[in-house]
Amino acid sequence: MSSLAEPVKRGLKKSLQLLLLLTKIIVPVSCLVAILDHYGIIGSVAGFFSPAMALFGLPGEATIALLLSFFVNFYAALGVITTMSLNSQQITILAVMIGICHELPIETVVCSYTGLRIPVSATLRLLTALAAGLILNLIYNLVQGG
Amino acid sequence: MEIVILLAETIANTLLSIGRIALLLIPVLILIEIARHYQFIEKITGKVKGLLQFLSLPQEAAVPLLAGIFFGIVLGSALIIEYAREGYLKKRDLLLIGIFLSISHSIVEDTFILAVFGANPFVLLATRTILAVIITRIAASLIDHFAIEKA
C-alpha cells in the first residue's frame, strides 16, 4: 500500500492546484460576463454572431465562450458556460468545439516542438472545431428530425 | 446595489460549479497518477498496433502518442522531444504525432471536466478521436505523396 501513497498524494496535490487555477480564472470571467451582460454588451455581440452560431445550433452568446476558449483557455470558456442556459445538445456541441480548439497561444507553441508550425496547428484546430460543430449539429438534427 | 447582488449571485453560482467539478476531478486525477505509477502506457502500447499501422506510424510512436492522448500535450511533447533526440522517430512521424495530439490530448481530464458541465462524454470522446485519426491519416498521405514527388 505504501507504494500507492505517492501517486495518490501527487494526484491530490495536482487536483487542488488545478481547482485553485480554475477558481482564479472562472470566477473573474463569469463576473465580467455578468457585468457585460447587465449592460447589454453580450447581447449585441451575441446578436451580431447569432447567424453564424446558428450553423452549430448554438445561441449567439456561445461566441464569447468560443473566443475565450481559443485565445485564453478551456476554463475561461467554462466560466461563460456557467452563465448560459443551454440544452444538452448545445452543451455537447460547444464542449466538442472547445475540446478541440483551446488555449491556442500556449498549446500551439508546445506542439511546435514536434515540427508542426504554429500557424498551421492554429488553423488546423480552428477549422477542425468548426467542422466538428457543423457535423455534430447536422447529426443531432437528423437523429431528432427522423 | 443591483450590480453587487448580481456579482454575489454570479460568484456563488460559479463556486457551486467549481465544487461540482472538484468532486469528480480529485478522484480522476488521483486515478491518472496511479495509472502513471503502474506504467499503464507502457503496458498498453502493444494494443494500439492496429491504430499505429493505420496512421502509418512506427511502433516507437506508441509511448509519446498515448502519453499525450491520456496525460496531456505537455507530457506528450516532452516525450516527443526526448524520442526525437534519441533518433527513434523520423521528422515525418514527429509531425504526425503533433497533428494527432493537437486535436486530441488529455482526453480523460478534458472529457471529465466538460461532462460535469453537462456535455455528453461519449460524443465528446468519439468526435475528437475520430477527427484526430482521420486528419492524421490524410496528413500522412499528403506528406508521403509530396515527399515522393520531391525525391
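Residues numbered from 1 in each chain as written. Chains lettered and ligands numbered in written order. Predicted model: local features only at pLDDT ≥ 70, side-chain atom pairs only at ≥ 80, totals over all residues.

Participant: Residues and numbers for the overall build of chain B, please.
Facilitator: Within chain B one finds eight helices and zero strands. In sequence order, the secondary structure elements of chain B are arranged as α-α-α-α-α-α-α-α. C-alpha atoms of chain B, sized along the principal axes, occupy 70 × 35 × 30 Å. Counting across all 151 residues of chain B, residues that qualify as buried make up 37%. Partitioning the intrachain contacts of chain B with sequence separation of at least 6 by distance along the chain shows that 67% fall at a separation of at least 24. (Helix = DSSP H or I, 4+ residues; strand = E, 2+ residues; numbered from the N terminus. Buried ≥ 20, exposed ≤ 12 C-beta atoms within 10 Å, placed from the backbone. Contact = placed C-beta atoms within 7 Å.)

Participant: Mind laying out helix H6 (residues 91–103) of chain B, listing which residues take part and the relevant values?
Facilitator: A rise of 1.5 Å per residue sets the reference length of H6(B), with its 13 residues, at 18 Å; its end C-alpha atoms lie 19 Å apart and thus fit the reference within 8%. Every buried residue of H6(B) is listed here: Asp93(B), Leu94(B), Leu95(B), Leu96(B), Ile97(B), Gly98(B), Ile99(B), Phe100(B), Leu101(B), Ser102(B) and Ile103(B). (Expected span 1.5 Å × (residues − 1).)

Participant: Give me helix H5 (residues 88–100) of chain A: which residues, what numbers.
Facilitator: All names here are of chain A. The end-to-end C-alpha distance of H5, which contains 13 residues, comes to 18 Å, matching closely the 18 Å that a straight helix rising 1.5 Å per residue would cover. With respect to burial, H5 is a largely interior element, eleven of its 13 residues being buried. Taken together, the buried positions of H5 are occupied by Gln90, Ile91, Thr92, Ile93, Leu94, Ala95, Val96, Met97, Ile98, Gly99 and Ile100.

Participant: Requested: an account of the interface of chain B and chain A, with residues and values cited.
Facilitator: In this complex, chain B contributes 46 residues to the contact, which on the side of chain A involves 45 residues. Sorting the residues of the side of chain B that touches chain A by element identifies helix H1 (2–37), helix H5 (73–85), H6, helix H7 (107–116) and helix H8 (121–150) of chain B as the ones contributing at least two each. Per element, the largest residue contribution to the side of chain B that touches chain A is 20 residues, and it comes from H1(B). Within the side of chain B that touches chain A, the residues separate by chemical class into 30 nonpolar, eleven polar and five charged. (Nonpolar A, V, L, I, M, F, W, Y, C, P; charged D, E, K, R; others polar.)

Participant: Let's hear about the environment of Lys43(B): which residues, and what values?
Facilitator: All names here are of chain B. Relative to the elements of secondary structure, Lys43 occurs in helix H2 (residues 40–44). When the 10 C-beta atoms within 10 Å are taken as the criterion, Lys43 is described as exposed. The spatial distance from the C-alpha of Lys43 to the C-alpha of Val63 is 9.7 Å, given a sequence separation of 20 residues.

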